[in-house]
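Residue-level structural notes
Below, each chain spelled out in residue letters.
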Amino acid sequence: MDCGPPGSSVHGIFQDYFRTDVFLSASHQEVQAVQGTPLSATLSLVMSQCCRKIKDTVQKLASDHKDIHSSVSRVGKAIDRNFDSEICGVVSDAVWDSREKQQQTLQMAILEHLYQQGMLSVAEELCQESTLNVDLDFKQPFLELNRILEALHEQDLGPALEWAVSHRQRLLELNSSLEFKLHRLQFIRLLADGPEKQLEALSYARHFQPFAHVHQREIQVMMGSLVYLQLGLEKSPYCHLLDNSHWAEICETFTRDACSLLGLSVESPLSVSFASGCVALPVLMNIKAVMEQRQCSGVWSHKDELPIEIELGMKCWYHSVFACPILRQQTSDSNPPIKLICGHVISRDALNKLINGGKLKCPYCPMEQNPADGKRIIF
């Protein structure tokens, strides 16, 4: 332990402590011998200095503890002021599934989050403690995804290239450029090794042939960089090819395309639900207070529909939705949107309510038509 240079306050305290300890370690007989004698001037000065320093230290500790206690007490008051203890009462329990079903759904969401974040050992421990029966088919996509991402973080392109080649046709159907970007990064790595890798880089450039019609400009840039290989790419107009940001980009591209191919969400459903809940909960708490004040009941009785529309931002837009202009309700699988012959779209429930004598008159135009001619629309 560093006690500071001689002359410093800490050093002085330790010196005084050791001096005092010498006095206290004297034999019992010696203490008894000096009990009735007055202290010398030197000893009296040392003892007074020790007492003063100890008193100052104790006062400082008490002051620091007082500041910490004050801050901690303010945190508790802030929690009580900003958090509602009745948060579970926002919606009736009758809206949701049974408690066992809720617990199982939450555990599966946590498990999927752990697998997606690469915390495989924690996920396995959760499986054992919660007695969840998880098939290998559920784990396999996450295991493969994390294995390839770990290799990419170590700048190993082999596993990712192997995966991309084996899924080439499906990636092309998604208009994915993952395989080309992987080959481009491998080509750049060869260029970064200097002139001795020039022949190998030229040979590897043959992998660009299947992508020439789509990525012609990018291939031309990489071929042009060969002119400056002798001088060094880092001092050439092509120095941007050596930017480390390409590795972060390839990790994002692989994650996005692989998740799309494997039917997984790019972001963890648990994190998305948590973020959305943080935005929606204050609004729902206000609605709850209004409903209690006006003594309204039965406003929210379905778990797949909120009592009001809550704006979560563009980040949480995953698919198109349609609200019926007649009933002003969002359509669902049980109440899908129906396109009429005239081109107007309403919900099926609205269509059924507008039927009169086997005929349907469009609420927006005077055209009469057969209700059976309406066609379901899938967004």
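Residues numbered from 1 in each chain as written. Predicted model: local features only at pLDDT ≥ 70, side-chain atom pairs only at ≥ 80, totals over all residues. Heavy atoms only, no water.

1. What to know about the sheet that holds strand β1 (residues 337-339)
Read from one edge to the other, the open sheet built from three strands follows the order β2-β1-β6, with strand pairing classed as antiparallel. Each edge of the open sheet carries a strand with a single partner, namely β2 (345-347) and β6 (375-376). (Pairing = 2+ DSSP bridges. Helix = DSSP H or I, 4+ residues; strand = E, 2+ residues; numbered from the N terminus.)

2. Overview of the nonpolar core
Ranked by internal contacts, the top residues of the largest apolar core, which has 47 residues, are L152, W163, L182, F187, I250 and F254. Elements that contribute at least two residues to this core include exactly α4 (99-116), α5 (120-130), α6 (136-153), α7 (158-166), α9 (178-192), α10 (198-204), α11 (216-224) and α12 (245-262). The element best represented in this core is α9, accounting for eight residues. Residues C324, I346, A350 and L351 belong to the second largest nonpolar core, which totals eight residues. (Core = buried A, V, L, I, M, F, W, Y, C linked by side-chain atoms within 4.5 Å. Buried < 20%, exposed > 50% of the residue type's maximum accessible area, 1.4 Å probe, protein only.)

3. As for the environment of I341
Take I341: it is sitting in the loop between β1 and β2. Accessibility expressed as a relative area gives 44% for I341, which makes it partly exposed. Note: C-alpha distance between I341 and E368 (27 residues apart in sequence) is 9.2 Å.

4. As for the pattern of salt bridges
Overall, the coordinates contain seven salt bridges when judged by the stated rule. Put simply, D257 and R256 hold a salt bridge, and the shortest N to O gap is 3.6 Å. (Salt bridge = Lys/Arg side-chain N within 4 Å of Asp/Glu carboxyl O.)

5. As for the packing of aromatic side chains
Considering all chains together, one arrives at eight aromatic pairs under this definition. Aromatic side chains Y115 and F142 sit 6.0 Å apart centroid to centroid with 20° between the ring planes, which places their arrangement in the stacked category. Remark: F142 occurs in helix α6 and Y115 occurs in helix α4; sequence separation between them is 27 residues. For the pair Y115 and F142, a shared accessibility class is recorded, and that class is buried. Ring geometry for W163 versus F254: centroids 5.3 Å apart, planes at 80°, classification edge-to-face. Pair noted here: W163 is in helix α7 and F254 is in helix α12, with a separation of 91 residues, a long-range link. With respect to class, W163 is no different from F254; both count as buried. (Phe/Tyr/Trp six-rings, centres within 6.5 Å; stacked < 30°, edge-to-face > 60°.)

6. Details of the packing of α4 against α6
At their nearest, the axes of α4 and α6 sit 9 Å apart, and the two run at 25° to each other. The orientation of α4 with respect to α6, classified from their angle, is roughly parallel. Facing M108, L111, E112, Y115 and Q116 of α4, the residues of α6 in contact are F138, K139, F142 and N146. (Axes fitted to C-alpha atoms, helices over the stretch in contact; angles between N-to-C directions. Parallel < 35°, antiparallel > 145°, perpendicular 65-115°, else oblique. Contact = heavy atoms within 4.5 Å.)

7. Description of the sheet that holds strand β5 (residues 368-369)
One open sheet holds the three strands; their spatial order is β3-β4-β5, and the pairing between them is antiparallel. What marks the edges here is a single partner per strand, and that holds for β3 (355-356) and β5. Relative to strand β4 (residues 359-361), β3 runs antiparallel, the two sharing two bridges. Within β4, the residue paired with N356 across the bridge is K359.

8. What to know about helix α3 (residues 41-82)
Given 3.6 residues per helical turn, the α-helix brings residues three or four places apart onto the same face. Under the 1.5 Å per step criterion, the end-to-end length of α3 is 62 Å for 42 residues, consistent within 8% with the ideal 62 Å. Along α3, the residues classified as buried are L43, V46 and C50. (Expected span 1.5 Å × (residues − 1).)

9. Looking at unusual backbone geometry
Notably, Q155 is not glycine yet its phi reads approximately 60°, a positive angle. As for its position among the elements, Q155 is in the loop between α6 and α7. Overall, Q155 belongs to the partly exposed group, its relative accessible area being 36%. One non-glycine residue, R328, lies in positive phi territory at about 55°. By the secondary structure assignment, R328 is in the loop between α13 (269-294) and β1. Exposure remark for R328: the relative accessible area of 70% places this residue in the exposed category.

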